[in-house]
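Here is how the chains run, residue by residue.
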Amino acid sequence: MISVHDRGSADAVGDLDRFRREFYDCLTARADALFDLTDAVLCADGPVRSLVELSLVGEHRRGHGALYDALACGKLDIDRLRTALAGVPLPRAADGRLVLAVDITCWLRPDAHTSPQRILCHTYGRGKDQTIMIPGWPYSMVVALESGRSSWTAPLDAVRLAPGDDAATVTAGQLRDMGRLIAAGQWQAGDAEILVVADAGYDAPRLAFLLRDLPVQVLARMRSDRVLRRAVPPRRPGTVGRPPRHGGEFVFGDLATWGEPDAATVADTRLYGTAWARAWDRLHPRLTHRSAWTAAAKVLPVIEGTVIRLEVDHLPSGATPKPVWLWWSGVDATSDDVNLLWQTFLRRFDIEHTFRLFKQTLGWTCPKIRTPQAADLWTWLILAAYTQLRLARALAADLRRPWEQPAPPQRLSPARVRRGFRHLRAKATCPAGAPKPARPGPGRPPGRRNTHPTPRYDVHIATTTNAKTSATKKTKTVNPRPRRTG
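Here's a quick rundown of the structure.

Cut-offs used in this document
- Residues numbered from 1 in each chain as written.
- Predicted model: local features only at pLDDT ≥ 70, side-chain atom pairs only at ≥ 80, totals over all residues.
- Heavy atoms only, no water.
- Helix = DSSP H or I, 4+ residues; strand = E, 2+ residues; numbered from the N terminus.
- Rg over C-alpha atoms; globule rule 2.2 N^0.38 Å.
- Buried < 20%, exposed > 50% of the residue type's maximum accessible area, 1.4 Å probe, protein only.
- Arc of directions from axis to C-beta.
- Phe/Tyr/Trp six-rings, centres within 6.5 Å; stacked < 30°, edge-to-face > 60°.
- Lys NZ or Arg CZ within 6 Å of the ring centre and 35° of its normal.
- Axes fitted to C-alpha atoms, helices over the stretch in contact; angles between N-to-C directions.
- Parallel < 35°, antiparallel > 145°, perpendicular 65-115°, else oblique.
- Left-handed = near helix turned anticlockwise from the far one by under 90°.
- Contact = heavy atoms within 4.5 Å.
- Core = buried A, V, L, I, M, F, W, Y, C linked by side-chain atoms within 4.5 Å.
- Nonpolar A, V, L, I, M, F, W, Y, C, P; charged D, E, K, R; others polar.

## A few points about the overall build of the chain
Next, step 1: A count of helical and extended segments in the chain gives 14 helices and 14 strands.
Next, step 2: A globule of 486 residues ought to have a C-alpha radius of gyration of about 23 Å, and the chain, at 25 Å, matches this closely.
Next, step 3: Along the first, second and third principal axes, the C-alpha atoms of the chain reach 90 × 60 × 55 Å.
Next, step 4: By residue count, 44% of the 486 residues in the chain fall in the buried class.

Dropping the structure here:
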């Protein structure tokens, strides 16, 4: 089992130096300025609040003009950086399997009227079951998960969703780059298949269908109002007519349609109390020529899988627990498989810690960048910075605050590793060259107006379904929800 925090100090120093050199070689334009900007993100005191403040960090040896020029005119070989991220030591699950989590996080830009390719992003409101659509740039992320409770992940890829893109198709395209992992020796013939874990926002059967020719299994959560179909029962002798393609219904909200489970487990957990899991084998959705299946073949496929219903005794927050429905692309699951699958799904929420670190600590969404190309460049710089933190995990000292509890080296969070990265940087390789003395440009002469105003762009809608919904006039409900008075 390979894990970055199980390696020795000498190996960790070598891995960090090799990645820093490879990352510098991936920068094809404004390389020195971009490399210093990444080091400034890692060595800044406290969270990153703005770009211009990074130019005041000691590790950033250039002025604020070079910083903005690097983001506007710099270039990065993304394919080479993807290969470099796939080549670093990746964490594994408890059974040695490589587990990948996929999710979409949004860079909200509601006031950026001059920024193109913005999409209405789904965000949660403050009220119960309230959602707000805010313009922004959604990014699809792929990370490798660790075993056990941890806030660490290993980012592997990030792709910005363009207007009209299908999330499952984009994610499948990202996962099709598994050849990089195979070429780097992360997966070999005879190993357990790679497990891809996703949330309910993805169409799990479609994702499994798009990845059917790869050594990949899909485990995703499903909505509680879904209706699946069973396998077709054996045909009786003498029956005439066309054979059916679907069996009886399996309604998630109707107990009478479930029947006896094919596998069941009961486990005692520390945070959730008793956990009950039941599994039903060979269930599939009844597909229609709509949405992503519009351009499919005349005969739609039958995508069978295993449905798992998870119930827990209580939640750590004290809220009322609700059952969780999972869909696994494998079949003939045993009790041990069911117990391992639902525990693996709980590790998917570690990606939320990574998103929070990107936005709140490393300042991923703080810059007011205009073009989506510059946003993509800044996103990959954040991924490279986080990878350096992960490689320095075994080398960092615990520079804790007086009110914080001591933590062993293998339990340090990414934010606590970042506190000591300034001391590690002095011992690591720094391939970036020193800045050359230069004078700033004259700029626009005083008193002359701008004759080239920046064009404004409309906000795109992700799918045609959302466009039809927003175009229809909403009628006021007859019995609205009463206003809260307390």
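Here the narrative resumes.
## As for helix H10 (residues 350-360)
Next, step 1: Among the residues of H10, those classed as buried are Asp350, Ile351, Thr354, Phe355, Leu357 and Phe358. On an axial view of H10, the arc spanned by its buried residues comes to 160°, and they lie on one face.

## Regarding the packing of aromatic side chains
Next, step 1: Taken as a whole and judged by the stated rule, the model has 18 aromatic pairs.
Next, step 2: Considering the side-chain rings of Phe23 and Phe35, the 5.8 Å spacing of their centres and the 35° angle between planes classify their relative orientation as tilted. With Phe23 in helix H1 (residues 9-26) and Phe35 in helix H2 (residues 31-43), the pair connects residues that are 12 residues apart, well separated along the chain.
Next, step 3: Classification of Phe23 as buried rests on a relative accessible area of 0%.
Next, step 4: In this structure Phe35 comes out as buried when scored by relative accessible area, which is 0%.
Next, step 5: Geometrically, the ring pair formed by Trp152 and Tyr386 is tilted, given 5.9 Å between the ring centres and 45° between the ring planes. With Trp152 in the loop between strand E5 (131-145) and strand E6 (153-160) and Tyr386 in helix H11 (residues 372-391), this residue pair connects regions lying 234 residues apart in the sequence. For the residue pair Trp152 and Tyr386, the accessibility class agrees, reading buried in each case.
Next, step 6: An aromatic cluster is built from Phe250, Phe252, Trp258, Trp280 and Trp325, whose rings are joined through pairwise contacts.
Next, step 7: The residue whose ring lies beneath Arg206 is Trp293, and the NZ or CZ to ring-centre distance is 5.2 Å.

## With respect to the packing of H10 against H11
Next, step 1: Their axes nearest at 11 Å, the elements H10 and H11 cross at an angle of 115°. Accordingly, the angle class assigned to the pair H10 and H11 is roughly perpendicular. Between H10 and H11 lies a crossing whose hand is right-handed. Here Thr354, Leu357 and Phe358 of H10 lie close against H11, whose contacting residues are Ile382, Leu383 and Tyr386.

## Thoughts on the nonpolar core
Next, step 1: In terms of nonpolar packing, the biggest core is built from 126 residues, with Phe19, Leu54, Leu71, Leu100 and Trp378 touching the most fellow members.
Next, step 2: The greatest single-element share of this core, amounting to 13 residues, is contributed by H11.
Next, step 3: The residues touching Phe19, leaving out its near neighbours within four places in the chain, are Leu81, Ala84, Leu85, Val88, Ala384, Thr387, Gln388 and Leu391.

## Notes on the packing of H2 against helix H4 (residues 64-73)
Helix-helix packing is described using two parameters, namely the angle between the two axes and the distance between the axes.
Next, step 1: Relative orientation of the contacting elements H2 and H4 amounts to 110°, with a least axis distance of 9 Å. Taken as axis vectors, H2 and H4 run roughly perpendicular relative to one another. Taken together, the residues of H4 that come into contact with H2 (itself represented by Ala33, Leu34 and Leu37) are Ala66, Leu67, Ala70 and Leu71.
Next, step 2: Residue classes in the contact of H2 with H4 are distributed as 7 nonpolar, no polar and no charged.

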